[in-house]
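# Structural features, examined
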Amino acid sequence: MSSVASLTLISQQFTIYFGIPVFIFGLIGNCLNILMFSSRKLFPSSPCQLYLLTGSISSLVAIVIPLSLRILIGLQYDLTKTNLFLCKARQYLGHISILASLTCVSLATIDRYLISCREIRFRQMSKMSTARLLCVAIVVFWSLHGLPIVIMVNIYPAAANQTVCVNRSTAYGYYLNYFIILILYNILPLAIFVVFGWLTWRNVHKIHQRRIGPELQRLPTNQRQEYQLTRMLLLQICSISLSTIPYTINSLYNAITNQIQKDSLRAAQENLSTTVTNFLFYLNFTISFYIYLSSSKSLRNKFFRKLFSTYSGCRQVMQTVSTITAATANNADRTA
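Residues numbered from 1 in each chain as written. Predicted model: local features only at pLDDT ≥ 70, side-chain atom pairs only at ≥ 80, totals over all residues. Heavy atoms only, no water.

Bringing the overall build of the protein chain into the picture now. For the protein chain, the helix and strand inventory stands at 12 helices and 2 strands. Here the protein chain holds 336 residues, and the buried ones make up 41% of them. For the protein chain, restricting intrachain contacts to residue pairs at least 6 apart in sequence, the fraction spanning at least 24 positions comes to 78%. About 18,100 Å² of surface is accessible on the protein chain, with carbon and sulfur atoms providing 66% of the total. (Helix = DSSP H or I, 4+ residues; strand = E, 2+ residues; numbered from the N terminus. Buried < 20%, exposed > 50% of the residue type's maximum accessible area, 1.4 Å probe, protein only. Contact = heavy atoms within 4.5 Å. Areas by Shrake-Rupley, 256 points an atom, 1.4 Å probe, with all protein chains shown as cover.)

With that settled, the discussion passes to the nonpolar core. Core analysis: the biggest nonpolar cluster contains 57 residues, and M36, F37, F43, L52, I98 and Y185 have the highest contact counts within it. Sort the elements by how many residues they give to this core and helix α3 (residues 84-116) lands first, with 11 residues. (Core = buried A, V, L, I, M, F, W, Y, C linked by side-chain atoms within 4.5 Å.)

To continue, consider a nonpolar patch on the surface. A contiguous nonpolar surface patch, about 350 Å² in accessible area, is contributed by I20, I24, L27, I28 and V64. The element best represented in the nonpolar patch is helix α1 (residues 3-38), accounting for 4 residues. (Patch = residues over 30% accessible without salt bridge, like charges linked within 9 Å, V, L, I, M, F, W, Y side chains within 5 Å. Salt bridge = Lys/Arg side-chain N within 4 Å of Asp/Glu carboxyl O.)

What follows concerns the environment of F14. Here F14 lies in helix α1. Sequence separation between F14 and L272 is 258 residues; the distance between their C-alpha atoms is 8.9 Å. Every residue in contact with F14, bar those within four places of it in the chain, is listed here: G19, T275, V276 and F279.

With 33 residues, α3 should reach 48 Å at 1.5 Å per residue; the first-to-last C-alpha distance of 48 Å fits that figure. Most of α3 sits out of view: 25 of its 33 residues are buried. One side-chain oxygen of the residue at the start of α3 lies 3.0 Å from the amide nitrogen of F85, identifying that residue as N83. (Expected span 1.5 Å × (residues − 1). Polar contact = N/O pair within 3.5 Å; in protein donor to acceptor, adjacent residues only side chain to side chain.)

Let us now look at the pattern of salt bridges. By the definition in use, this model includes 2 salt bridges. As a salt-bridge pair, D111 and R112 come within 2.9 Å of each other at their nearest N and O atoms. R112 matches D111 in its accessibility class, with the two residues each being buried. Where E270 meets R266, a salt bridge forms, and the shortest distance between an N and an O atom there is 3.0 Å. Of this pair, E270 and R266 both sit in helix α10 (residues 264-282), 4 residues apart, which is roughly one turn of that helix.

Mean pLDDT over the protein chain works out to 83, with 85% of the residues at or above the 70 mark. Mean pLDDT values for the elements of the protein chain range from 50 in helix α8 (residues 214-217) up to 95 in helix α5 (residues 128-145). (pLDDT = per-residue confidence, 0-100.)

Take the side chain of E270 next. Among the residues examined, E270 registers a relative accessible area of 12% and is labelled buried. In this view, E270 contacts Y253, N254, T257 and K262; residues no more than four positions away in its chain are not counted.

With that settled, consider the packing of aromatic side chains. A full pass over the atoms with the stated rule returns 15 aromatic pairs. Measuring from centroid to centroid gives 5.7 Å for Y113 and F196, while their planes differ by 65 degrees, and the two rings are edge-to-face. Here Y113 is found in helix α3, whereas its partner F196 is found in helix α7 (residues 170-210), with 83 residues between them in sequence. Consider the rings of Y185 and F281, whose centres lie 6.1 Å apart with planes at 15 degrees: the pair is stacked. Here Y185, found in helix α7, pairs with F281, found in helix α10; they are 96 residues apart in sequence, far enough to count as distant. As far as burial versus exposure is concerned, Y185 and F281 are alike and both buried. A connected cluster of aromatic rings, assembled from ring pairs, spans Y185, Y247, F281, Y282 and F285. (Phe/Tyr/Trp six-rings, centres within 6.5 Å; stacked < 30°, edge-to-face > 60°.)

Here it is as structure tokens:
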């Protein structure tokens, strides 16, 4: 087997054994995230809770459509080559959902910094009214920002009687590679996570130095939940930073070498590198739920009680519906 064929096979195997589990765990995790952040018993209404709820919905969209189609492409079932709707939807919805999710986590990070400040003027900047407005603005802005994708991306003829779903605009290609992918997907959110994550950690550390041991346990419930949110988000920031750095390096390399002629071996090597870093990047939208649960034993207990009560409620509803249906059928038989 040639080196090119071996690298192509490795890329396909990585898609199967890493990409598919990422899809499954991301689908389950984001659904449970939405359930968790929608529950007022687990988290009170706050700007951070709203940002994380909106981010979880955006991450779910990123998992369901763009990632699933990327997995199929890696398995040599590229539906975007023949279906114009899927061709445009993968690019457009991927653009909106990824940027909306990263923006929401960035705003949640900034909100945690504001809440952790001693100065009341900073804490007063964290408002639910502002958070609601920003969440709507995020979706609207990135939806409008991505409209050129719907126009520019199309199915074009390729070599050997094949077709390909690509953007053929050189100007928009530069904007996509150098600004959207390199800056908006990578450098800007990573900078926000690092800067405001460190500032938040520093403020929380100072608070813990003033309140040691039992004093933390005597805090009001809402303050303990705020600390819990902060701890969850700091762990998520660490995870996002680790999975984003390889994607950033690969994106920068692709942008620099985009105009260089490459032989088949180098193209296969770069395709494998892109496959690996892309799936690592999608971990940002997959593992947040599992990070949140691992951050706190009390949260795990509360969440599983909530999950059990939800299951019990659905079961009771189904039993009631079955009873009513059976009674209706018996009455109909008697009437007949």
